[in-house]
Amino acid sequence: MSGPALALHGVVKRYGRLTALDGLSLEVPRGVICGMVGPNGAGKTTTFGIAGGYVRANEGTVDVLGAGRFDPVKMRGRLTLLPQDCELNPHTSVAGLLAYYASLQGMGRRAAKKDAARVLDMVELADRAGARVKELSHGMRRRVAVAQAFLGDPELVLLDEPTNGLDPELVVRMRDLFRSQRTKRTLVVSSHNLAELEAISDHVVFLDAGKCVKAGALADVTGRATRIRVRLEAPIPLDGLAAVLPGVTLAWDGVELVVTTESGGIAELNARALPALVAAGARILEVRQGDTLESTYLASKRG
Amino acid sequence: MSALVTVAKIAAFDFFESVRSRRALALLVLYVAGSIAATAMFVKFVMVFETTAASVLSVGQTDSAGAMTEELMQTEQMFRAFEDLVGDSALARALMTIPPIAMFYGWLAFTFIPLLVTFTSGDSVAAEVASGSVRFALFRVDRLSWAVGKLLGQALLMLVGILAGAVASLATSSLLMTNSHVWLTAIWLVRFSGRAAVYGFAYLGLVVGCSLVAKSLNGARAAALIGLFAIGVGGNLLESEWTTTTFPVLAPTLSTIFPQGHDLDLWRVTVADRAPGIVMLLALGLAYFTAGYAMFARRDP
């Protein structure tokens, strides 16, 4: 299997006079965890709906797993989704509801029950299997909602703000869960918590006003492959340093020294630049690889 | 997995989810309680009727209600009364073979099932769209299977309600009146329950169709009630004497798209006589549902 897990080209979606997606084009490679970032109203939820096949695009093409527009019958179980702010059916037991969803994905009764137990165990809710959904706390319901997205063996999982409303401890557990899926399937995760996305993602997509404003591998987007940021006790003159560090660009951004290599890796850059800085009299307080996702995102917003 | 299996799974889930919800259960209990109360009132009416008849005829009064009625049902005078009522001697003769309590429950179910389905199923789809729970299903199954599954789940709920009402009616009548044909009554109650379900299906198609169109819970409930009201007023207007005499061709033609235009067919005894009505009512239910689905299929849930 080759080609991206999800590809959208020139997708337009209008709700009456409001344009939610304005010619959106993006690609999510297979086997990555892709963080989708954007302000409220950027079009993340609409993008998930279109990818999941239940929201219709007005224009453009959508390709899910190389099979064109998602068809829940032909592609049953290959894509799963955690929709944003949606309530689960309240009256059925947790295990019963998950087994029902699994059966809709084509599993037999026994297999569906077994898989429901598996995903409940995955989100640490095995002890609440018999409880009705309405009896669960908000956090537990959210975990059940996450669990249903891992029923079966989906190739592409879309998670729209999966940790919304969860306490910090649960957020960490969910993050571990998502990381554990890295080699098994493609995950697209949207969140306003950029630190959380940064911790799990290896590919990012920035959306704004229904368009993709930046996309790529996290290391490329944040400059982690080519850049270090050095915090110094006090600024030092950079003129002399440029001569002893050929192929390296040094710039002072007001707070930190940004050191960028034109070739070679970060380890080589560190090995060359840090001794040169110390030799030039710099007193180093902190060295970070590239920019944070947050600063990269905010920079992209500023244009 | 075939589409039929998918639909069956959705219908079964929807039925049990509805039964577990307190609202649907409360409405079914209310319907059963109504059946008990109405049956008890009917028995009381029979008792008063028999007492009066015994007094007029100067004969001894029976110990419990029903004994005299069973005899009366076999008389020529009763046949003529039925014939005058329905305007069809064959139908009148057929009606006389039906136990009175079954006939009464048939009338009761035909009268109240439209209201029951409006309240139990009027927001069945809209509730899932409003809460967003539909989105957990729509990437697993196609929209049509989901919508048809919902319709059949609600149809099953309606059927269970009608049968529960029939059992309650049989139990009440057996306790309060003489009924020497309990099994025959039970068989006829089952038959009328099936016919009431067919009649109710037309209304169910209407309210589920409204629910498929509406964008909010309150909108769905209002649309179902307005739809029920419009069908009720429109159907009765088309069957009124003034309309049928003023528009002798148009009124009966238009009447065929209303459930009331076919309810009399369901009282007929032979399957061949009932078949046109059954087919039309099922078709009407599906037509109302399809009209709603046509809009649901085009919008984003």
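What you see is a predicted model; the values in this text were computed from it and never measured.

Moving on to the overall build of chain B. Summing up its helical and strand segments, chain B has 14 helices and zero strands in all. Counted from the first residue to the last, chain B has its helices and strands arranged as α-α-α-α-α-α-α-α-α-α-α-α-α-α. Relative to the 2.2 N^0.38 estimate, which gives 19 Å for 301 residues, the radius of gyration of chain B is 21 Å and therefore close to what a compact globule would have. Seen through its C-alpha atoms, chain B measures out along the principal axes to roughly 75 × 45 × 35 Å. Here chain B holds 301 residues, and 50% of them are scored as buried. In chain B, the proportion of contacts linking residues at least 24 apart, taken out of those at least 6 apart, comes to 75%. Of the roughly 13,700 Å² that chain B leaves accessible, carbon and sulfur atoms contribute 72%. In chain B, 19 positive and 19 negative side-chain charges are present, and the distance between their average locations comes to 15 Å.

Turning to the packing of aromatic side chains, a few remarks are in order. Under the defined criterion, the tally for this structure stands at 17 aromatic pairs over all chains. Geometrically, the ring pair formed by Phe206(A) and Tyr297(A) is edge-to-face, given 5.4 Å between the ring centres and 80 degrees between the ring planes. With Phe206(A) in strand 8 (residues 203–208) and Tyr297(A) in helix 10 (residues 293–302), this residue pair connects regions lying 91 residues apart in the sequence. Taken individually, Phe206(A) and Tyr297(A) each receive the classification buried, so the pair is uniform in this respect. Ring geometry for Phe42(B) against Phe104(B): centres 4.4 Å apart, planes inclined by 15 degrees, an arrangement best described as stacked. Of this pair, Phe42(B) sits in helix 2 (residues 22–57) while Phe104(B) sits in helix 6 (residues 100–121); the two residues are 62 residues apart in sequence, bridging distant segments of the chain. Members of the aromatic cluster, each reached through a chain of ring pairs, are Phe110(B), Trp188(B), Phe192(B), Tyr199(B), Tyr203(B) and Trp267(B).

Another aspect to go through is the interface of chain B and chain A. In many reports, interface size means the accessible area that the parts give up when they come together. In this assembly, 23 residues from chain B lie in contact with 36 residues from chain A. In total, about 2,700 Å² of surface goes out of reach between chain B and chain A, with carbon and sulfur atoms giving 57% of it. The three residues of chain B that bury the most area against chain A are Phe136(B), Phe139(B) and Arg140(B), which together make up 30% of that side's buried surface. Taken together, chain B and chain A are joined by one salt bridge.

To continue, consider the pattern of salt bridges. Scanning the entire structure with this criterion turns up 25 salt bridges over all chains. Arg182(A) is paired through a salt bridge with Asp202(A); the nearest N and O atoms lie 2.8 Å apart. Pair noted here: Arg182(A) is in the loop between helix 5 (168–180) and strand 7 (186–190) and Asp202(A) is in the loop between helix 6 (194–200) and strand 8, with a separation of 20 residues, a long-range link. Residue class for Arg182(A) comes out partly exposed when judged on its relative accessible area of 26%. Here Lys150(B) ties to Asp14(B) by a salt bridge, and the two come within 2.6 Å at their closest N and O atoms.

Residue and element names in this part refer to chain A. Pairing is antiparallel in the open sheet, where three strands are placed in the order 2-1-4. Edge strands, defined here as strands with exactly one partner in the open sheet, are strand 2 (18–28) and strand 4 (59–64). When the angles between neighbouring strand axes are averaged without regard to direction, this sheet yields 20 degrees. Sheet analysis places strand 1 (residues 6–15) next to strand 2, joined by eight bridges and oriented antiparallel. Residue pairing in the sheet places Ala7 in a bridge with Glu27 of strand 2. Together, strand 1, strand 2 and strand 4 form the strand contacts of helix 1 (residues 44–51), whose direction differs from that of strand 1 by roughly 115 degrees.

This next bit is on a nonpolar patch on the surface. All names here are of chain B. Together, Leu156, Leu159, Val160, Leu163 and Val190 line one region of the surface with nonpolar side chains, adding up to about 350 Å² of accessible area. If you tally residues by element for the nonpolar patch, the top one is helix 9 (residues 143–176), at four residues. Along the chain, Leu159 turns up in helix 9.

Calculation criteria
Residues numbered from 1 in each chain as written. Chains lettered and ligands numbered in written order. Predicted model: local features only at pLDDT ≥ 70, side-chain atom pairs only at ≥ 80, totals over all residues. Heavy atoms only, no water. Helix = DSSP H or I, 4+ residues; strand = E, 2+ residues; numbered from the N terminus. Rg over C-alpha atoms; globule rule 2.2 N^0.38 Å. Buried < 20%, exposed > 50% of the residue type's maximum accessible area, 1.4 Å probe, protein only. Contact = heavy atoms within 4.5 Å. Areas by Shrake-Rupley, 256 points an atom, 1.4 Å probe, with all protein chains shown as cover. Lys, Arg positive; Asp, Glu negative; His and termini not counted. Charge placed at Lys NZ, Arg CZ, Asp CG, Glu CD. Phe/Tyr/Trp six-rings, centres within 6.5 Å; stacked < 30°, edge-to-face > 60°. Buried area = accessible area lost by both parts, 1.4 Å probe. Salt bridge = Lys/Arg side-chain N within 4 Å of Asp/Glu carboxyl O. Pairing = 2+ DSSP bridges. Axes fitted to C-alpha atoms, helices over the stretch in contact; angles between N-to-C directions. Patch = residues over 30% accessible without salt bridge, like charges linked within 9 Å, V, L, I, M, F, W, Y side chains within 5 Å.

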